[in-house]
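Coordinates in review
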Amino acid sequence: MVKLKPFQVEQWMDEYETTPGVLNIAETCAASLSIADLAGLAVPTVVDGTTIIPPADPLSALATTRLTYGAIRGSSTLRKQVAALFDSGKDEDVSPLPADNVVITQGAIGANHLVFYTLLGPGDHVVCVYPTYQQLYDVPKSLGAEVSLWKLKLENGYVPDTAELEGLVQPNTKMIIINNPNNPYGVPIPRPVLEEIVSFAKARDIAIMSDEVYLPLTHGGILAPKPDDDENAAALVFGEVETLVAPPAPPSILTLGYDKVVATGSMSKAFALAGLRLGWVASRDKAIVAALLEARDYTTISVSQLDDGIARYALSDSVRDSLLRRNTELARRNIRHLNRFVGKWENKGRVRCSWVAPTAGTTAFIQVSTVANSDDDVSTATPVDDKQFCIDVLKAIQVLMVPGSLCFGEGKDFKGYVRIGYVNETAVLVEALSKLDRYFENNIA
Ligand SMILES: Cc1ncc(COP(=O)(O)O)c(C=O)c1O
């Protein structure tokens with residue numbers, strides 16, 4: 001067994017997130033909502049010819065609920081609502097996921113931990129995409145599993161290359177771990193690639209675990225239609241992208257005809273309700289679900305009935321679609337601001353910024369490098385010291401970003417990268433980027 005290393009991104013956020021006056025563009029949640037905001041998104045729905053008016057105050061029903069442990073696995077309504085998220089493709093070949101195959105957890109972080117704790121141990125080998133959320137490879141290691149990293153490459157647009165799988169697996173490979181869409185790159189794994197992963201794993205009886213915490217937020221990035229209120233659209237650096245078409249959203253791993261798969265997700269990112277601390281794990285395989293439940297008894301009993309109740313409201317027919325629309329539009333509006341910023345600093349003065357523009361999720365991974373003289377070629381650029389750069393920027397202009405090599409590269413990979421979470425309030429992002437713009441002008445360019 002390997003001792004768990006500090007969880008760098010969580011420690012970084014804990015240390016700096018509450019800096020007074022901070023402009024937080026390190027955060028990965030779509031701009032978080034209050035319960036009152038949520039109620040403001042509710043719309044009447046028609047079911048079998050009857051119009052259903054949603055309660056104006058979602059807390060009122062909870063005020064008289066006796067605070068017992070509640071349903072141990074999570075309420076059946078909530079589990080049905082989560083199961084229904086996996087039918088969103090409306091693909092006729094995909095059978096609906098039974099609510100009993102969904103288990104409610106404390107966030108996706110609780111779901112991920114439960115999956116690894118239940119299914120992995122000494123003697124096992126796993127393949128895990130890299131870079132990703134550190135939990136996905138360091139917890140398996142701490143449980144005694146051997147981990148091979150499946151490195152995402154620029155030449156593949158940071159989509160995993162399935163041709164590499166054969167060279168990564170071993171006779172004892174128990175699980176392939178993916179994160180779709182990826183944190184930090186914001187790149188989704190398209191359906192054909194997912195199908196290749198499934199057929200590879202199925203042929204070898206390997207389980208697939210897919211962290212899909214960002215999945216419903218496949219907004220299309222700068223390729224998506226511009227939001228109606230994007231008054232700055234004319235200033236787009238890449239004007240032509242207006243005419244391009246965003247790639248289709250990838251399906252969940254649970255919809256691809258293989259049972260030995262597990263998906264995790266939560267209310268935190270795409271649903272903008274991280275404060276609920278409510279997530280889920282779902283599998284097509286009943287034996288896996290039973291094993292997860294057995295292990296979960298030791299850490300969870302149940303989640304808070306209050307969290308379960310607000311999550312039910314957010315995932316109800318009256319609220320779910322308008323909530324996702326709000327967050328998708330926010331992502332589409334904000335990515336344009338970030339795109340203008342990166343476009344400006346791709347090759348300006350001594351600064352050389354580079355990225356693959358994200359089309360899903362809430363994060364972008366941008367490499368910041370400098371050259372000695374402003375007319376030097378990018379091939380001579382040196383990546384900044386990302387940790388020092390993030391600390392200097394925070395001190396000087398109170399803009400918080402995440403250093404890539406520290407939090408995603410074990411201190412050695414992704415030098416010069418910063419992760420920016422751009423689906424926060426537009427005003428916060430715009431102010432942060434304009435301060436960063438001045439910082440570049442005054443301190444580096
Ligand atoms: C890929 C990934 N999985 C899981 C989590 C944990 O999310 P939650 O708030 O649902 O626990 C995060 C949080 O940043 C994440 O990026």
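Residues numbered from 1 in each chain as written. Predicted model: local features only at pLDDT ≥ 70, side-chain atom pairs only at ≥ 80, totals over all residues.

Quick notes on the site of the ligand
Taken together, 14 residues are adjacent to the ligand, and G107, A108, I109, S266 and S268 come closest. The element that contributes the greatest number of residues to the shell around the ligand is helix 5 (residues 107-119), accounting for 4 residues. (Near = placed C-beta within 6 Å. Helix = DSSP H or I, 4+ residues; strand = E, 2+ residues; numbered from the N terminus.)

A word on the environment of I366
Topologically, I366 is positioned in strand 12 (residues 363-370). Assessed through the 22 C-beta atoms surrounding it within 10 Å, I366 is described here as buried. Expressed as a C-alpha distance, the spacing of I366 and V198, which sit 168 residues apart in the sequence, is 30 Å. Ignoring any residue separated from it by four or fewer positions in sequence, one finds I366 in contact with V342, C353, W355, Y417, V418 and I420. (Buried ≥ 20, exposed ≤ 12 C-beta atoms within 10 Å, placed from the backbone. Contact = placed C-beta atoms within 7 Å.)

What about the nonpolar core?
Core analysis: the biggest nonpolar cluster contains 122 residues, and I25, C128, I177, A314 and M401 have the highest contact counts within it. A domain split of this core shows at least three residues from each of domain 1 (8-35 + 323-444) and domain 2 (58-215 + 250-315). Not counting residues up to four positions away in its chain, the partners in contact with I25 are V399, L400, M401, I420, G421, Y422, N424, L429 and A432. (Core = buried A, V, L, I, M, F, W, Y, C linked by C-beta atoms within 7 Å. Domains from an automatic or database assignment.)

Let's talk about unusual backbone geometry
The linkage connecting Y130 with the following residue, P131, adopts the cis geometry, with an omega of 5°. Of note, P131 is situated in the loop between strand 5 (125-130) and helix 6 (135-142). Phi at A272 is positive, roughly 60°, even though this residue is not glycine. Here A272 lies in the loop between strand 9 (261-266) and strand 10 (279-283). The phi torsion at E410 lies on the positive side, around 50°, for a residue other than glycine. Turning to its location among the elements, E410 is positioned in the loop between helix 13 (404-408) and strand 16 (417-421).

Describing the domain arrangement of the protein
Domain boundaries assigned for the protein yield domain 1 (8-35 + 323-444) and domain 2 (58-215 + 250-315). Residue assignment for the side of domain 1 that touches domain 2 shows that the elements contributing at least two residues are helix 1 (8-16), helix 11 (320-344) and strand 12. Along the lines of polarity and charge, the residues of the side of domain 1 that touches domain 2 split into 15 nonpolar, 9 polar and 1 charged. (Nonpolar A, V, L, I, M, F, W, Y, C, P; charged D, E, K, R; others polar.)

Describing the pairing of strand 4 (residues 102-105)
Of the two faces of strand 4, the one holding V102 and I104 and the one holding V103 and T105 are both buried throughout. As defined by bridge partners, strand 4 adjoins strand 10 across 4 bridges and the pair is classed as antiparallel. Within strand 10, the position partnered with V102 by the bridge is A282. (Pairing = 2+ DSSP bridges.)

Let's talk about the sheet that holds strand 9
In a beta sheet, neighbouring strands are held together by backbone hydrogen bonds and run either parallel or antiparallel to one another. Strand order across the open sheet formed by 7 strands is 4-10-9-8-7-5-6, with mixed pairing between neighbours. This sheet does not close on itself; its edge strands, each paired only once, are strand 4 and strand 6 (146-151). The sheet shows a mean angle of 20° between the axes of neighbouring strands, taken without regard to direction. Helix-sheet contacts for helix 4 (residues 76-85) involve strand 4 and strand 10, and the interaxial angle to strand 4 is about 110°. On the sheet, helix 9 (residues 286-296) packs against strand 4, strand 9 and strand 10 and is oriented at approximately 25° with respect to strand 4. (Axes fitted to C-alpha atoms, helices over the stretch in contact; angles between N-to-C directions.)

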